[in-house]
Amino acid sequence: MSGDSATRDPNADEPIGLAEAYSVQSPDDNRALYAKWAETYESEFTVPRRYIVPRTAAEMLCEGFAGSGPVLDAGCGTGLVGEQLRQLGVAVVDGFDISTGMLAKARAKTAADGSPVYRVTVEVDLTGPIDVADDTYAAIISTGMFTHGHVGPDSIAELLRIARPGAFCVMGVNASIFESNGFRDRFELYEAEGLIAGLEVQHRQVYEGADGSDLNHMAQIAAFTVV
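My aim in this report is to walk through the structure given alongside it, one point at a time. Predicted, not measured: the structure shown is a model, and the values here were computed from it. Here the residue numbering is sequential within each chain, running from 1 through the sequence in written order. Where totals are concerned, whole chains, interfaces and linings use all residues; where local detail is concerned, this predicted model gives features only for residues with pLDDT of at least 70, and gives and counts side-chain atom pairs only at 80 or more. For side-chain calculations, the full set of non-hydrogen atoms in the structure is used, while hydrogens and water are omitted.

**Side note on the sheet that holds strand β1 (residues 71–74)**
In step 1: Between any two strands, pairing holds if DSSP finds at least two bridges. By definition, any uninterrupted DSSP run of H or I lasting at least four residues is a helix, any uninterrupted run of E lasting at least two residues is a strand, and each is numbered from the N terminus. Read from one edge of the open sheet, 7 strands run β3-β2-β1-β4-β5-β7-β6, paired in mixed fashion. In the strand order of this sheet, the two ends are held by β3 (120–123) and β6 (196–205), each with one partner. Direction aside, the axes of adjacent strands within the sheet are offset by 15° on average.
In step 2: Of the strand pairs in this sheet, β1 and strand β4 (residues 137–146) are connected by 3 bridges, and their pairing is parallel. Note that in β4 the partner of L72 across the bridge is I140.
In step 3: Strand contacts of helix α6 (residues 100–108): β2 (93–97) and β3, with the helix running at about 180° to β3, the strand carrying the most contacts. Helix axes are fitted only over the stretch in contact, all axes being lines through C-alpha atoms; the angle between N-to-C directions runs from 0 to 180 degrees. Only heavy atoms enter the contact rule, under which two residues are in contact if any of them lie within 4.5 Å.

Written out as structure tokens, the structure reads:
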């Protein structure tokens, strides 16, 4: 911990909770962890650790999304990405997450105009079928969902199903498992099959000041258009 109690060296030992998040093996494990973590997730983790990937990903989405349709924040947690999207001018954001505790925090957030950050927040297990019609969303963003836990590349297919043709997507994956867990292969397969186009992957910091020597502090952020 630095002399400033509001900041934390991102290259220091992992905070309590993050190791558990990396080790969850099932949806029930995820629910149990975030039920405990939701209340202090921002004050004890994202703020002191200078967690910047929500802003990074939101900016990437807004660079490629010029439409006015609804945007899905998949694995929205406490609503950090939604806050950034609203600040950047996105009007309609929906949030899906498996944790009722995290969703409660997201639901309570308001934008600068006083309106809720999210149009709707829905409890969803993103490892299985999503009860949403095909071609619903004009854009999809996800950060923090694809890490060491139970959500693997198979879950991308459902997100593509509910995205409209032409939808712009930004999906961040923990850099340490991007290759080994098959995410790069899956994105490249979908591009080869013509399901997505314009795939670009950027290697970006998860925490401000991360030196990149620990891939857990970095993200591979895939941006592409749904065909």
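**With respect to the packing of aromatic side chains**
In step 1: Pairing of aromatic side chains here covers Phe, Tyr and the six-membered ring of Trp, requires ring centres within 6.5 Å, and sorts the geometry by plane angle: under 30 degrees stacked, over 60 edge-to-face, intermediate tilted. Within this structure, the stated rule accounts for 5 aromatic pairs.
In step 2: With a centroid separation of 6.2 Å and 85° between ring planes, the pair formed by F96 and Y137 is classed as edge-to-face. Residue F96 is located in strand β2, and its partner Y137 is located in strand β4; the two are separated by 41 residues in the primary sequence.
In step 3: Relative to F224, the ring of F187 lies with its centre 5.7 Å away and its plane at 50°, an arrangement referred to as tilted. With a gap of 37 residues between them, F187 in helix α8 (residues 183–192) and F224 in strand β7 (residues 218–226) connect regions that are remote in the sequence.

**A short note on the nonpolar core**
In step 1: Within this scheme, the nonpolar core is defined by two criteria: the residues are buried Ala, Val, Leu, Ile, Met, Phe, Trp, Tyr or Cys, and they are joined through side-chain atoms within 4.5 Å. The classification of residues rests on relative accessible area computed with a 1.4 Å probe and restricted to protein chains. Under 20% of the type maximum is buried, over 50% is exposed, and intermediate values are partly exposed. Core analysis: the largest hydrophobic core is formed by 31 residues, its most contacted members being Y51, L61, F65, V71, L85, I141 and V170.
In step 2: Counting only elements with at least two residues in this core, the list comes to α3 (41–46), α4 (53–64), α5 (80–87), α6, β4, β5 (163–174) and β7.
In step 3: Per-element tally for this core: the top contributor is α4, with 5 residues.
In step 4: In this view, V170 contacts A57, M60, L61, I140, I141, S142, I221, A222 and A223; residues no more than four positions away in its chain are not counted.
In step 5: Within the second largest apolar cluster, 30 residues are counted, among which are V124, V132, F183 and I196.

**With respect to α8**
In step 1: Looking at α8, one finds that the buried residues are F183, F187 and Y190. Looking straight down α8, one finds its buried side chains confined to an arc of 65°; they lie on one side. For α8, exposure combined with an orientation more than 90 degrees from the buried face picks out D185 and A192.
In step 2: Tucked inside the fold, the buried residues of α8 contact β4, α7 (156–161), β5, β6 and β7.
In step 3: Of the residues flanking the end of α8, it is G194, one or two places downstream, whose phi is positive at about 80°. Each C-beta atom gives one direction from the helix axis, and the arc is the one those directions make.

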